[in-house]
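Listed here are the chains, written in short residue letters.
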Amino acid sequence: WTVCELSSFQLETIKEFRPTVGICLNVTPNHMDRYDFFTDYAAAKHRLFMNQTADDAAILNADDQVTASWTQGLKANVVLFSVRRELEEGLFLRGRDLVCRANGTEKILTTRDEIFLRGLHNVENVLAGLAAGLACGASPDSMRETIREFKGVEHRIEFVAEIEGVKFYNDSKATSVDATLKALEALSEEAAAKTILILGGRGKNAPYAPLIPLIEKSVRRLILIGEDADNIESQLKNHAEIIRADSMADAVLKSFEASEAGDSVLLAPACASFDMFKSFEERGTVFKSEVLGLESKVGKRLDSKLMTQDSRL
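Notes on the structure follow. A quick note: this is a predicted structure, and the numbers were derived from the prediction, not measured. (Residues numbered from 1 in each chain as written. Predicted model: local features only at pLDDT ≥ 70, side-chain atom pairs only at ≥ 80, totals over all residues. Heavy atoms only, no water.)

## Observations regarding the pattern of salt bridges
The following threshold applies: Every case where a carboxyl oxygen of Asp or Glu lies within 4 Å of a side-chain nitrogen of Lys or Arg is listed as a salt bridge. Burial classes follow relative accessibility: with a 1.4 Å probe on protein chains only, a residue under 20% of its type's maximum area counts as buried, one over 50% as exposed, and anything between as partly exposed.
Under the defined criterion, the tally for this structure stands at 20 salt bridges. Of the charged contacts, one joins Glu86 and Arg94 as a salt bridge, the two residues approaching to 3.9 Å between their closest N and O atoms. Under the relative-accessibility criterion, Arg94 is labelled partly exposed at 26%. Here Glu106 makes a salt bridge to Arg101, at a shortest N to O gap of 2.9 Å. Using a relative accessible area of 39% as the deciding quantity, one classes Glu106 as partly exposed. Bridged by salt links that share partners, the residues Glu86, Arg94, Arg101 and Glu106 form one connected network.

## Remarks on the layout of surface pockets
Selection rule: Here a cavity denotes grid points, spaced 1 Å and computed from the protein atoms alone, that fit a 1.4 Å probe unable to get out, and a pocket denotes an open set having protein on both sides within 12 Å along at least 5 of 7 lines; residues with an atom within 4 Å of a point are the lining. Grid points are joined across faces, edges and corners, and a volume is the space filled by probe spheres set on the points. Comment: elements are numbered from the N terminus, with helices defined as DSSP H or I runs of at least four residues and strands as E runs of at least two. Gly falls in the polar group here, along with every residue not listed as nonpolar (Ala, Val, Leu, Ile, Met, Phe, Trp, Tyr, Cys, Pro) or charged (Asp, Glu, Lys, Arg).
Here the second largest pocket is characterised by a volume of approximately 400 Å³. What lines the second largest pocket is a set of 20 residues, among which Ala57, Asn77, Val78, Val79 and Ala102 lie closest to the centre. Sorting the residues of the lining of the second largest pocket by element identifies strand S3 (77–82), strand S4 (90–94), strand S5 (97–102) and helix H4 (120–135) as the ones contributing at least two each. Take the lining of the second largest pocket: its biggest share by element is four residues, from S3. For the lining of the second largest pocket, a count of residues per class yields 12 nonpolar, four polar and four charged.

## What about the sheet that holds strand S8 (residues 166–170)?
Inclusion rule: Two strands form a pair only when DSSP identifies at least two bridges running between them. Interaxial angle, 0 to 180 degrees, is taken between N-to-C directions of lines fitted to C-alpha atoms, where a helix line uses only the stretch in contact. Note on contacts: a residue pair is in contact if any heavy atoms of the two residues lie within 4.5 Å.
Strand order in the open sheet formed by six strands is S7-S8-S12-S9-S10-S11, with mixed pairing between adjacent strands. Edge positions in the open sheet fall to strand S7 (158–163) and strand S11 (241–244), since each of these has one partner strand only. Going across the sheet, the axis of each strand differs from the next one's by a mean of 20°, ignoring polarity. Sheet strands in contact with helix H6 (residues 177–188) are S8, strand S9 (195–200), strand S10 (219–225) and strand S12 (264–267), and its direction is about 170° off that of S9.

## Remarks on the pairing of S12
Across the two faces of S12 the burial is the same, with Ser264 and Leu266 and Val265 and Leu267 all buried. Note: S9 against S12, four bridges, orientation parallel. Looking at S12, one finds that Ile196 is bridged to Val265.

## Remarks on the packing of H4 against helix H5 (residues 140–149)
Stated formally: Throughout, the term roughly parallel applies to angles under 35 degrees, roughly antiparallel to angles over 145, roughly perpendicular to angles from 65 to 115, and oblique to all others. By the definition used in this description, the sense in which the near helix is turned from the far one sets the handedness, with an anticlockwise turn below a right angle giving left-handed and a clockwise turn giving right-handed.
Where H4 meets H5, the closest approach of the two axes is 10 Å, and the angle between their N-to-C directions is 150°. The orientation of H4 relative to H5 falls into the category roughly antiparallel. Here H4 runs over H5; the crossing is right-handed. Touching Val126, Gly129, Leu130, Gly133 and Leu134 of H4 are Pro140, Met143 and Ile147, all from H5.

## Details of the sheet that holds strand S1 (residues 21–24)
Ordered by their spatial adjacency, six strands build an open sheet running S1-S2-S3-S4-S5-S6, and the pairing between neighbours is mixed. Every other strand in the sheet has two partners, leaving S1 and strand S6 (105–111) as the edge strands with one partner each. For this sheet the average axis-to-axis angle between neighbouring strands, irrespective of direction, equals 20°. The pairing of S4 with S5 spans five bridges and is classified as antiparallel. The residue bridging Phe92 from the neighbouring strand is Val99, located in S5. Contacts between H4 and the sheet are confined to S1, strand S2 (57–61), S3, S4, S5 and S6, with S4 contributing the most and set at about 150° to the helix.

## Things to note about the packing of aromatic side chains
Each aromatic ring pair is characterised by the separation of its centres together with the angle its planes make. We apply this condition: What counts as a ring pair is set by centres within 6.5 Å for rings of Phe, Tyr and Trp (its six-membered ring), and what kind of pair is set by the plane angle: stacked under 30 degrees, edge-to-face over 60, tilted for all other angles. Our definition puts a charge over a ring when NZ of Lys or CZ of Arg is within 6 Å of the ring centre and also within 35 degrees of the ring normal.
Tallied over the entire structure, the rule returns six aromatic pairs. On the basis of an interplanar angle of 65° and a centroid distance of 6.1 Å, the ring pair of Phe49 and Trp70 is categorised as edge-to-face. Highlighted residues: Phe49 in the loop between helix H2 (38–46) and S2 and Trp70 in the loop between helix H3 (65–68) and S3, separated in sequence by 21 residues. Neither residue differs from the other here; Phe49 and Trp70 are each classed as buried. Here a set of aromatic residues connected by ring pairs shows up, and it is made of Phe9, Tyr35, Phe38 and Tyr41. Its end group placed over the ring of Phe280, Lys173 keeps NZ or CZ at 5.4 Å from the ring centre.

## Points about empty space enclosed by the protein
In the structure shown here, the tally under the stated rule is one cavity of 30 Å³ or more. Considering only enclosed or pocket space, the largest cavity measures out at about 30 Å³ in volume. What lines the largest cavity is Pro29, Asn30, Thr175, Ser176, Val177, Lys204, Ala206, Tyr208 and Ala270. Its residues assigned to classes, the lining of the largest cavity comprises five nonpolar, three polar and one charged.

So this is what it looks like as structure tokens:
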């Protein structure tokens, strides 16, 4: 089997490409610097399924308004997944259980307690992965064991360090507003915790307003970097205290200074990285390096303080 992720840009020009299993997790505003209308972006995504036949599988999110509308008219066998409701046929979350219901029978494939990844969006990802595995003939037991062992990948809500009670997370892959929203939702599951959110970079002409409810609920301060900082501030300035930073090092230091014990600092920029970095990977790597450097400085400061106290004794 070959597993391939395709962007809307690539899907615009396919002619014969035909996936045996096609998955679309969701369609939310993104790359609006390229497309005139959101419907154009959605249409590019929809091309993933255009060459499929009845022998193929199309896996779609039943909770996403756009992908749910695609269930009619596809030639492939449509498999739905949902984290919000039980489905007559498909995969869904019921309580803590991830369930597959097909042909009048159902089976619990795994539970949320066995998923290391944070956030309801990662439950969606696991459901889609399970659906793909079943379509390819993978063993449910094998998939469950893989889920138990999988600890995530770099730059996706990646825990970096805890410094004086403040946890740092690298989600540099959050290059869209929706991805940032998902990361904030994941951290806000800890009801008492507040987040210092680092936003900014090269914008994509997508509105930042969808972030407002979660910002008001769970964000203590916004640290803004990059080309789109003015635009972000104009849209969000009435909903959180805003601090500007001129580099990643400055952003990490100011986020730590703005935090309190028990808070989280989250790099989830909602923007592309190309104004300051070669890629989102480089951006995340620089963030982690600055956090670990800060951890070293804070550790030395604490050691020095303890030594001073010892000498007084």
